[in-house]
Structure formats: structure tokens, C-alpha cells
Amino acid sequence: MIKSLDPRITREQIELNNPINPLADMDQWETYEVFHQKKRGDQHEHVGIVHAPNLEMALLFSKEQFGRRGISVNIWVVKTSNVFASDYDDADIFETVPDKQYREAGGYKVMEMINKYKKENKKII
Amino acid sequence: MYGNAYIDPNEKPLSILDGEDPIKLAEFEARIDRGEKIEPKDWMPKEYRKQLIRMIEQHAHSEIIGALPEGTWITRAPGFKRKLALMAKVQDEVGHAQLLYSAAETLGKSREAMINDLITGKSKYSNVFNYPALTWADSCIIAWLIDAGAIINQVANSKGSYGPYGRALERICVEESFHLKYGHHNVVTLATGTPFQRQMVQEALTRWWPPIMHFFGPSDKISNHTTILMRWKVKMASNDDMRQQFLNMYVPKIWDLGLVVPDVNLKLNEATGLWDYTEPDWDEFKRVINGGGPCNAERLAVRRNAEEKGRWVRKALLQKDSSYVTPLA
């Protein structure tokens, strides 16, 4: 049988039938949500998660996972269990928002009124 | 990098929609039809969850195991620049595995459970990584052509319906584009080099061609199952379509270098616009995916060894009061 040239096989001589010891729960620690800022002035953006045993290592892993190419200036990490999120099932709480034109600049149109006024009052102006 | 998720053809056909709430199912399908994404806490059919876990998990394992044949060449890379690049590529692959494990975790399977299924041999990973990278040129062919195949697969899947998988794949595809360019640069360097280098890269191509043709998997059986997975945007393109796309993009580039593809029947059929090729040996594919390949045993042994040796470090760092919460997105 052809073996690869993996040094762990050729030099360390790992047994091919080494014992299977399953990982215990929490072996891979908790998860942290990662927020990445590309450059000063940008918002931090959620980019994913890392598994880590504590905040410091979460930051270290985040730098490797989400900051190893391109530009970065800052990273935040937050324990997943500390994030309190709304429920997608409750998304109807946002439903009427696009209708609230009185909150938008576009909800205030005056040109028609001005033009009408000008037309009716030509002599005065 | 990755091969297409493997569905065992002997898997019992399921009564896929048994016991699903018809109203919730209709809402779910309507959302997908509107082009909206499904997020982790949304209601989803059991079969959707099961197939996505299987697919994302296999993909993650493929990234981890895929790092092994290439990683072998880090210590023997020809020159400092190539060594740095190969280390960066291998680190990317392991990073991809972590992104993917996270995406699968949002569906409710823990990372420990997935790793356990890998090291016990219960889960599959891409079949190509059960072959050895015998020379430096093999690692170059992998980086170019296997990663090229992976990109075709991943670009298709990134448009799928599950939000976390799509987001992970978008990030992965950006990084894979470096792998592809790096692999091409390596292959071109060898193919335009000395006669010995040319011979080495030709031999590597000859060795890797059958696994490359296996890469996208056998022709899809047209079944109700496949139809539903495509309707749910879990499966985004048929295996044959992806294989054709790969041949269309890369065979001309291989021929450009004067290299020979070891298949006398390989040609673009002017009438159909599709590539004709010798049907890959699917018995060999099945033999290897079921454990009979040259490197299956050592890949898992190396992985088990890594888990074993790191265990005390992870345990030492584990804090008593920590408890697991499924990641959010």
C-alpha cells in the first residue's frame, strides 16, 4: 500500500490503528461572536464565531481567523451567551416601519405647493 | 477545498416530509422561493436540517483532512517563498474548517460530535484526500485543479438557502482564489521549466486525473429526494453540470501548457457543447470512499493523534463555569 510522505507517519510513526478516544463535551470550549473593524471610522461588523476558553484567547483566535489578510484595525469578541437577540418569529414588529414616511426626508414634498402658490400669486411676487 | 458531498446511493429513500406541519412547510418553501435566506432559529423541515448538517460537516472534514497531503510538503517546499505560501494556504484550509464547523453548529450538532464522527470514521470527507501527494508537483496539481473544482462547487453552494453556510462560503471563496492562482503559478513554473520539471508535473497530472474526475461525484440519480433538495436550495447544481463546468474552464488551460490529459476520449463535442470523456471508474471511487484507498487509514490516524496530543492543553484551559450555547449566526 502506498503511504503518503506525511512526516507524522514516516518519522513519528503513528500507529494506523491508534485508539479512538472520543472528545468529551466542552472539549472545544464555548463560542464567542466576533466583530471586526477594517479601518478607523468604519462600524465593527459581525464576521462569525470562534471557540475559545476565555476572552483573551478568543481575541487571539479571532485575529488569526478573521484578520489574517486584508486590512484590520480592531476586533471585539463577545461571549455568545451574552448576546440577547430578537426572534425572527417576531420580525412583524418591524413590518410597519417602511410605511412611516413621516420619519423620512422623502416624506416631505413641498415643490408642488410652492409652484401652485407662485402660479396663483404671480402679481404679488 | 472540497469535493461534492457524498450521498450514499444505498441510503433508504425517506418519507421526507412525514410529520411536517403543512402550514409551516408552505411558509418555509415560500420564503425560499422569494429568494430569502433561512436563519438558524427559523423553523425548518427535519430533512433540511439533516442534509445541511451532513453536507456542511463533510465539507468541514474535507478542509481539515485536505490540509494533510499538502501540509506534508511544507518542510520540503522548494524555496522560502513557496514555503511561506504553502503554509498560508494550509492555514486557510484549517480556518475554512472552523468556519464550516461553526455554520453546522448553528443547526444543533456540536463541534465535539462532528470531530468524533470524523475520527471514528462515521462521517465522510472528500475522497480525493485519500490519495498521497507523492511529489512536490502533486501538491501543485492539488492546489490548482482540486481547488479549482472546489471553487466551482462552493460558488454554487454559496447561493444556497441557508444563511450561515452561504456567509461562510463567501469568505472561503475569496481565499480560495489565492489558492487557485498560487497553484496555477506553481504548475506553470514546472511546465515551463526544465525537462525534468515538465516530466514531474506531467506525472502528477496523470496520477491526479482520475481523482479529479471523481471529485464532483457520480451522476445524480434523478429522485424525489434530489428534486426536493434542489427546490430547497440545499443542492445547487448537479454533479455532472459541475464536472462539465470544470472541464470547460480548465482543460484548455492544461492543454495550453502542452500537458497531456490521460483520457483519449476527452474532447469538446461540438454538437452538444459538452465534453466527452471516459466514464470514471466509480467502483474505484466507492472502494476508496468506503475505506479502501491508499491513505484512508493514515489520514484518520494522524487526525486522532492530533486530537489526542492537544487534549491536555484544551482541558487545562477549560474553565469550570463555562457552558455551551449554540452560536447565533
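Below or above, wherever it landed, is the structure these notes cover. Note that the coordinates shown come from a computational prediction; the quantities given were computed from them, not determined experimentally.

Some details on the overall build of chain A
A tally of helices and strands in chain A yields 3 helices and 3 strands. Written out in order from the N terminus, the α and β elements of chain A read α-β-β-α-β-α. Expected size for 125 residues packed as a compact globule is a radius of gyration near 14 Å; at 30 Å, chain A overshoots this value by more than 25%. Principal-axis analysis of the C-alpha atoms gives chain A an extent of 100 × 35 × 35 Å. A burial count over chain A gives 29% of its 125 residues as buried. Considering only intrachain contacts with a sequence separation of at least 6, the fraction spanning at least 24 residues in chain A is 38%. Within chain A, one finds 18 positive and 20 negative side-chain charges whose respective centroids are separated by 16 Å.

Details of a negative patch on the surface
Residue and element names in this part refer to chain A. Negative charge collects at one region of the surface, where Asp-87, Asp-89, Asp-90, Asp-92 and Glu-95 lie side by side. Counting through the fold element by element, Glu-95 comes out in the loop between strand 3 (74-79) and helix 3 (111-120). We classify Glu-95 as exposed; its relative accessible area is 57%.

Some remarks on the interface of chain A and chain B
The interface is formed by 46 residues belonging to chain A together with 52 residues belonging to chain B. Seen at the junction of chain A and chain B, the total is 6 salt bridges. One salt bridge in this structure joins Arg-68 of chain A and Glu-175 of chain B, with 3.0 Å as the shortest N-O distance. Linking chain A with chain B are 23 residue pairs in polar contact (both at pLDDT 80 or more). Residue assignment for the side of chain A that touches chain B shows that the elements contributing at least two residues are helix 1 (7-10), strand 1 (30-37), strand 2 (45-52) and helix 2 (55-66) of chain A. Split by residue class, the side of chain A that touches chain B holds 21 nonpolar, 12 polar and 13 charged.

Focus: the environment of Glu-298 of chain B
All names here are of chain B. With respect to the helices and strands, Glu-298 occurs in helix 11 (residues 296-317). Judged by its relative accessible area of 3%, Glu-298 falls in the buried class. Separated by 168 residues in sequence, Glu-298 and Asn-130 place their C-alpha atoms 8.8 Å apart.

Description of the pattern of salt bridges
Pairs may arise between side chains of opposite charge once their charged atoms sit close together. One pass over the full model with this rule turns up 30 salt bridges over all chains. Among the ionic pairs, Asp-92 of chain B bridges to Arg-68 of chain A, the shortest N-O distance being 2.7 Å. In this pair, Asp-92 of chain B sits in helix 3 (residues 80-105) while Arg-68 of chain A sits in the loop between helix 2 and strand 3, so the two residues belong to two different chains. The class of Arg-68 of chain A is partly exposed, set by a relative accessible area of 21%. Of the charged contacts, one joins Asp-276 of chain B and Lys-267 of chain B as a salt bridge, the two residues approaching to 3.4 Å between their closest N and O atoms.

Some points on the packing of aromatic side chains
All names here are of chain B. According to the stated counting rule, one finds 15 aromatic pairs over all chains in the structure shown. Centroid distance Tyr-131 to Trp-208: 6.4 Å. Interplanar angle 65 degrees. Geometry classified as edge-to-face. Highlighted residues: Tyr-131 in the loop between helix 4 (111-119) and helix 5 (136-157) and Trp-208 in helix 7 (residues 195-214), separated in sequence by 77 residues. Of the two residues examined, Tyr-131 and Trp-208, each falls in the buried class. Centroid distance Phe-178 to Tyr-182: 6.2 Å. Interplanar angle 50 degrees. Geometry classified as tilted. In this pair, Phe-178 and Tyr-182 are both assigned in helix 6 (residues 163-191), 4 residues apart and thus about one turn of the helix distant. Phe-178 sits in the partly exposed class, given a relative accessible area of 26%. Members of the aromatic cluster, joined through ring pairs, are Phe-28, Trp-43, Tyr-48, Tyr-162 and Trp-232.

Some remarks on helix 8 (residues 224-231) of chain B
Residues and elements named next belong to chain B. Taken as a whole, helix 8 has its buried residues at His-225, Thr-226, Ile-228 and Leu-229. For helix 8, the angular spread of buried residues about the axis comes to 165 degrees, placing them on one side. Buried positions along helix 8 lie against helix 2 (46-71). Directly beyond the C-terminal end of helix 8, a positive phi value near 55 degrees is found at Lys-233.

Some points on the pairing of strand 1 of chain A
Residue and element names in this part refer to chain A. Burial analysis of strand 1 places 7 of its 8 residues in the buried class, the great majority of the element. Judged from the 6 bridges that link them, strand 1 and strand 3 form a sheet pairing that is antiparallel. Bridge pairing in strand 3 links Val-34 to Val-77.

Some details on the packing of helix 3 of chain B against helix 4 of chain B
Residues and elements named next belong to chain B. Between helix 3 and helix 4, whose axes approach to 9 Å, the crossing angle comes to 115 degrees. Note on packing geometry: the crossing formed by helix 3 with helix 4 is right-handed. Residues Gln-98, Tyr-101, Ala-104 and Glu-105 of helix 3 form the contact with helix 4, whose participating residues are Arg-111, Met-114, Ile-115 and Leu-118. Of the residues assigned to the contact of helix 3 with helix 4, the class counts are 5 nonpolar, 1 polar and 2 charged.

About the thresholds
- Residues numbered from 1 in each chain as written.
- Chains lettered and ligands numbered in written order.
- Predicted model: local features only at pLDDT ≥ 70, side-chain atom pairs only at ≥ 80, totals over all residues.
- Heavy atoms only, no water.
- Helix = DSSP H or I, 4+ residues; strand = E, 2+ residues; numbered from the N terminus.
- Rg over C-alpha atoms; globule rule 2.2 N^0.38 Å.
- Buried < 20%, exposed > 50% of the residue type's maximum accessible area, 1.4 Å probe, protein only.
- Contact = heavy atoms within 4.5 Å.
- Lys, Arg positive; Asp, Glu negative; His and termini not counted.
- Charge placed at Lys NZ, Arg CZ, Asp CG, Glu CD.
- Patch = residues over 30% accessible without salt bridge, like charges linked within 9 Å, V, L, I, M, F, W, Y side chains within 5 Å.
- Areas by Shrake-Rupley, 256 points an atom, 1.4 Å probe, with all protein chains shown as cover.
- Salt bridge = Lys/Arg side-chain N within 4 Å of Asp/Glu carboxyl O.
- Polar contact = N/O pair within 3.5 Å; in protein donor to acceptor, adjacent residues only side chain to side chain.
- Nonpolar A, V, L, I, M, F, W, Y, C, P; charged D, E, K, R; others polar.
- Phe/Tyr/Trp six-rings, centres within 6.5 Å; stacked < 30°, edge-to-face > 60°.
- Arc of directions from axis to C-beta.
- Pairing = 2+ DSSP bridges.
- Axes fitted to C-alpha atoms, helices over the stretch in contact; angles between N-to-C directions.
- Left-handed = near helix turned anticlockwise from the far one by under 90°.

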